[in-house]
Amino acid sequence: MTAPIVRNLADLREMTRVWQRAGETIGVVPTMGALHDGHLSLVARAKEMSARVIVTIFVNPKQFNNPEDLENYPRTEHEDARKLERFDVDAIYVPDGPQMYPDGFATNISVAGLTDVLCGAHRAGHFDGVATVVTKLFTQTSADLAFFGEKDFQQLQVVRRLARDLDLGVEVVGCPTIREIDGLAMSSRNLLLSDQARSRAAALNEVMEEMAEALGQGATIGDLLPEAKTRLTAAGFSDIDYLEMRTNDTLTQVEKATKPARLFAAAYMAGVRLIDNIDVPLAR
Ligand code: AMP
């Protein structure tokens, strides 16, 4: 069934008020659109866990540190609505700019610590933009549950922190990364790659998987980095923003996999910034 597309907050509130009065849980899946199977896995989880599901589509200007990136970001609303049909969601919330950031908007939500590293260190203001829009989306939708992908693991931890710190009353549910057959993590940004760049991009996950296996056998990051970087460069990746192992909870950098940790990477393929992260088995 085609879900109603709701563009303004007053209309959304009218719907959520009725659901809340009926005691129905509201699950929210925040996205920036250009939906793929990764997003849809979140929607499926949301349907399992919530009586009502709202998918939000908003390309949030505040989380783009690069104006060109914002301009090039794929926008496929019509297609997105079609892909959501089979899930029978209750609303697709597509707020227009002023709905989110009315004239004079002056508030910024900033989560300390977790945002100093990885993407936070390379994308000035990115996580403030994420934290601000997510807080607004949670309050606008009256969410009880919210579904986020491990694909953006740092974002997931930042959102968990802010939901707890601000008593937003939202349970944040993390969902596993969905990948293409060659291992590349699904991402709206993959649409920006040429066929050749797209097939070369699979090297990122391939190299990371091999590193994770060696780390599980007791290797240190220092042992593995030189060869990993050489292989990524040979595959066509240019700048590697980071390739690091960090603990799951506090994102503290570690050399050996002696605590639950993940391997995190961000690198550019043909001018497109790709990120990935995978679980590292505890070192034997
Ligand atoms: P985005 O539209 O990129 O902002 O992503 C919206 C949500 O979908 C975020 O919670 C992402 O972590 C999640 N997501 C994006 N790609 C994937 C993927 N390949 N697998 C699982 N979740 C994903």
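Fair warning: this is a prediction, and the values are worked out from it, not measured in the lab.

Can you help me understand the site of the ligand in this one?
Near the ligand you find 17 residues, and of these H39, G149, D152, I178 and M186 are the closest. Interatomic distance of 2.9 Å between a side-chain N/O atom of H39 and an oxygen atom of the ligand. Measuring from a nitrogen atom of the ligand, one finds a backbone N or O atom of I178 at 2.9 Å. Relative to its free-state accessible area of 480 Å², the ligand is covered by the protein chains to the extent of 93%. Counting residues per element, the shell around the ligand draws most heavily on helix α2 (residues 37-49), which supplies three residues. Residues belonging to the shell around the ligand are distributed by class as follows: eight nonpolar, seven polar and two charged.

Is there a simple way to explain the sheet that holds strand β9 (residues 272-280) in this structure?
Note on sheets: strands pair through backbone hydrogen bonds, and any given pair is parallel or antiparallel. Within the open sheet, the three strands sit side by side as β7-β8-β9. Their pairing is antiparallel. Each having just a single partner strand, β7 (237-247) and β9 make up the two edges of the open sheet. Within this sheet the neighbouring strands show an average axis-to-axis angle of 15°, counted without direction. Relative to strand β8 (residues 261-269), β7 is paired through eight bridges, and the arrangement is antiparallel. Along β8, the bridge assignment pairs I240 with A267. Against the sheet, helix α10 (residues 203-216) makes contact with β7, β8 and β9, and its axis sits at roughly 25° relative to β9, the strand it touches most. Along the sheet, helix α11 (residues 221-235) contacts β7 and β8; its crossing angle with β7, the most-contacted strand, is approximately 150°.

I tried to follow the pattern of salt bridges on my own but got confused; where do I start?
Where charged atoms from two side chains of opposite charge come close, those side chains can pair. Going through the model one piece at a time under the given rule, you end up with 15 salt bridges. The residue E206 makes a salt bridge to R231 at a minimum N-O spacing of 3.7 Å. With E206 in helix α10 and R231 in helix α11, this residue pair connects regions lying 25 residues apart in the sequence. Look at E206 and you get partly exposed, because its relative accessible area is 44%. We classify R231 as partly exposed; its relative accessible area is 28%. The network of salt bridges with shared partners includes E24, R52 and D90.

Mind showing me how you'd approach the packing of aromatic side chains here?
When we look at a pair of aromatic rings, we describe it by the centre distance and by the angle of the planes. Applying the stated criterion across every chain, the model contains five aromatic pairs. Ring geometry for Y101 versus F105: centroids 5.0 Å apart, planes at 70°, classification edge-to-face. Take F105: its relative accessible area is 26%, and that puts it in the partly exposed class. By way of ring pairs, the aromatic residues F58, Y101 and F105 are connected into one cluster.

Explain unusual backbone geometry to me, please; I cannot follow it from the model alone.
One non-glycine residue, A34, adopts positive backbone phi at about 50°. Mapped onto the elements, A34 comes out in the loop between β2 (26-31) and α2. A34 gets classed as buried once you look at its relative accessible area, which sits at 5%. Here D88, not a glycine, exhibits a phi torsion of approximately 55°, which is positive. Take D88: its relative accessible area is 36%, and that puts it in the partly exposed class.

Please clarify how the domain arrangement of the chain should be interpreted in this entry.
By a frequent convention, interface size equals the accessible area lost on bringing the separate parts together. Under the domain assignment, the chain is made up of domain 1 (5-175) and domain 2 (188-280). Between the C-alpha centres of domain 1 and domain 2 there is a distance of 26 Å. Across the boundary between the two partners, domain 1 contributes 21 residues, which contact 17 residues of domain 2. Taking both sides of the interface into account, the surface hidden between domain 1 and domain 2 amounts to around 1700 Å²; carbon and sulfur atoms contribute 61%. Considering only the side of domain 1, the residues that lose the most area to domain 2 are L118, H122 and F153, jointly responsible for 34% of the buried surface there. On the surface where domain 1 and domain 2 come into contact, there are two salt bridges. Seen at the junction of domain 1 and domain 2, the total is eight residue pairs in polar contact (both at pLDDT 80 or more). Put simply, the parts of the chain that give the side of domain 1 that touches domain 2 at least two residues each are α3 (67-72), α6 (118-122) and α8 (153-165). Considering only residue class, the side of domain 1 that touches domain 2 consists of nine nonpolar, seven polar and five charged.

What counts, and at which threshold
- Residues numbered from 1 in each chain as written.
- Predicted model: local features only at pLDDT ≥ 70, side-chain atom pairs only at ≥ 80, totals over all residues.
- Heavy atoms only, no water.
- Near = heavy atom within 4 Å.
- Polar contact = N/O pair within 3.5 Å; in protein donor to acceptor, adjacent residues only side chain to side chain.
- Areas by Shrake-Rupley, 256 points an atom, 1.4 Å probe, with all protein chains shown as cover.
- Helix = DSSP H or I, 4+ residues; strand = E, 2+ residues; numbered from the N terminus.
- Nonpolar A, V, L, I, M, F, W, Y, C, P; charged D, E, K, R; others polar.
- Pairing = 2+ DSSP bridges.
- Axes fitted to C-alpha atoms, helices over the stretch in contact; angles between N-to-C directions.
- Contact = heavy atoms within 4.5 Å.
- Salt bridge = Lys/Arg side-chain N within 4 Å of Asp/Glu carboxyl O.
- Buried < 20%, exposed > 50% of the residue type's maximum accessible area, 1.4 Å probe, protein only.
- Phe/Tyr/Trp six-rings, centres within 6.5 Å; stacked < 30°, edge-to-face > 60°.
- Domains from an automatic or database assignment.
- Buried area = accessible area lost by both parts, 1.4 Å probe.

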